[in-house]
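Here are the chains, one letter per residue:
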Amino acid sequence: MTPKQKGLIKKLRINKNLNQNFTAVLDHVTNTYKQVVCSGAATIIIHNDHVVLEEYLGNQSITKGARPIQEDTQFHVASVRKSYIGFAVAYAVNYGYINDIDDLVLRYKPELDPEVWKDTSIRHLLTHTHGLDEKEGITYREYPQGENWSYKKIGIQMLTDIVEQTTGMTVSDILHKQVFKPLRFTETDWYSKTHEKIADVILTYDQDKYWQISTSTKGDAMNMYVSARELACWGYLHLNEGNIEGDQIVPKRIISLATELQSPSHLDENLPQNGFLWFVKDLPALNTEIGEDVPKGSYQILGYTGVTLLVIPQERIVAVRMFNSFGSPEGYNYLDDVRSFGNTVLSCLEKVTK
């Protein structure tokens, strides 16, 4: 590890320049913590290369004597994992394993049903516009590719398969080699077994049909756990386009591919807009998870556990919130809440600049 890489870790884990102007973000996270079914929460904000807010709430589980939420607590990040999958696809494109994201899926997976997958491209998979779903192992088409938007796991699974087939590496292999090892991440991984630093996932309902447990460590399943500080570091790496204090950790093109608008140009402008799975802010859209006050060029990723990572390049800010909830209790709208989270971050920035 270079001194510059050590500097990044020091900034995120030791040096702080806490700013009272961001108290409203903590209040917002605390309010959500009280609304959802969870036992713990965390929030970190990096602004202009300084940690200006870092707070931990509650415990890692609801059991008596549970370990308190702290710096090294790892939360189940649910769909936030897709930002790491997007990175792996961008890696494959950057190094020529995938020729172009407008290549048809059938070019890489000719064994698929040609009628079902006809004219479906990798771009469609990356931007949730593929129009496919799966039931009882059967893939079927809901709508023509590129004509609507739908959040379905079949596209994610196909992307991880294509990455592994083309590169000879799993998503996990790529992330460990390109990011986790160079930055000495020890609190970000896919786990087959639990350990003492992992926060339990508290289900909203006893038998939540969407909750799944996997033992795969390839990066293809919903068993990724990350600490708040390393999720902030992940966002900070993107904010700096892969460059940390003059050291290009990953090629700039990988970051730009992942975080720039990639949705089909003819898609309805009110549908969510995506990069490589990241949600991006381009034109104002009615159906988006990003707050209306958040400026163009920002990008965000949200998980069903309430975990959120928001990057606002225009303001040099990374905002993270973590919860160990799963699902939405009656009366709680998680999309409204996450949009409000981003707007609150912006309102705090206005105080800083006054």
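Please refer to the structure higher up on the page.
Residues numbered from 1 in each chain as written. Predicted model: local features only at pLDDT ≥ 70, side-chain atom pairs only at ≥ 80, totals over all residues. Heavy atoms only, no water.

*Asks:* Teacher, can you tell me more about the pairing of strand β8 (residues 224-227) here?
*Replies:* If a strand is regular, its side chains alternate between the two faces of the sheet. Covered by surrounding structure in β8 are M224 and V226 together with Y225 and S227, the residues of both alternating faces. Inspection of the sheet shows strand β3 (residues 74-76) paired to β8 by 3 bridges, in the antiparallel sense. Bridge pairing in β8 places F75 opposite V226. The pairing of strand β6 (residues 188-190) with β8 spans 3 bridges and is antiparallel. Counted as the bridge partner of T188 is V226 from β8. (Buried < 20%, exposed > 50% of the residue type's maximum accessible area, 1.4 Å probe, protein only. Helix = DSSP H or I, 4+ residues; strand = E, 2+ residues; numbered from the N terminus. Pairing = 2+ DSSP bridges.)

*Asks:* Honestly, helix α10 (residues 252-259) in this entry has me stumped. Any pointers?
*Replies:* Residues that lie three or four places apart on an α-helix share one face, since the helix turns once every 3.6 residues. Within α10, the full set of buried residues consists of I254, I255, L257, A258 and T259. In this fold, the buried residues of α10 make contact with α3 (82-94), α9 (228-239), β11 (279-280) and β12 (299-302). (Contact = heavy atoms within 4.5 Å.)

*Asks:* Would you take a moment to explain the layout of surface pockets for this structure?
*Replies:* With a probe scaled to a water molecule rolled over the atoms, the places where space remains empty come into view. Taken as a whole, the largest pocket encloses approximately 1100 Å³ of empty space. In terms of lining residues, the largest pocket is bounded by 35 residues, among which S79, K82, Y151, K152 and K153 are the most central. Of all the elements in the fold, those that place two or more residues in the lining of the largest pocket are β4 (132-135), α7 (153-167) and α11 (334-353). By residue number, the principal contributor to the lining of the largest pocket is α7, which donates 5 residues. (1 Å grid on protein atoms, 1.4 Å probe; cavity = no way out; pocket = protein on both sides within 12 Å on 5 of 7 lines; lining within 4 Å. Points joined across faces, edges and corners; volume = space filled by probe spheres on them.)

*Asks:* How should I be thinking about the sheet that holds β12 in this particular structure?
*Replies:* Hydrogen bonding along the main chain pairs the strands of a sheet, whether they run parallel or antiparallel. Within the open sheet, the 6 strands sit side by side as β2-β1-β14-β13-β12-β11. Their pairing is antiparallel. Edge strands, defined here as strands with exactly one partner in the open sheet, are β2 (50-58) and β11. Here 2 bridges tie β11 to β12, and the two strands are oriented antiparallel to one another. Bridge assignment links V280 to a residue of β12, and that residue is Y299.

*Asks:* Mind showing me how you'd approach the sheet that holds β3 here?
*Replies:* The 3 strands are arranged β3-β8-β6 in an open sheet whose pairing can be described as antiparallel. A single partner strand is all that each edge strand has here, and the edge strands are β3 and β6. Neighbour-to-neighbour, the strand axes of this sheet turn through a mean angle of 25°, independent of strand direction. Packed on one face of the sheet, helix α8 (residues 171-180) meets β6 and β8 and runs near 165° to β6. (Axes fitted to C-alpha atoms, helices over the stretch in contact; angles between N-to-C directions.)

*Asks:* Help me out: how do you make sense of α8 in this one?
*Replies:* Here α8 lies mainly inside the structure; 7 of its 10 residues are buried. Among the residues making up α8, those that are buried are V171, S172, I174, L175, Q178, V179 and F180. With its buried residues spanning 155° around the axis, α8 presents them on a single face. Contacts made by the buried residues of α8 are with α3, α7, β6, β8 and α9. (Arc of directions from axis to C-beta.)

Function cannot be read off these values alone, since they describe shape.
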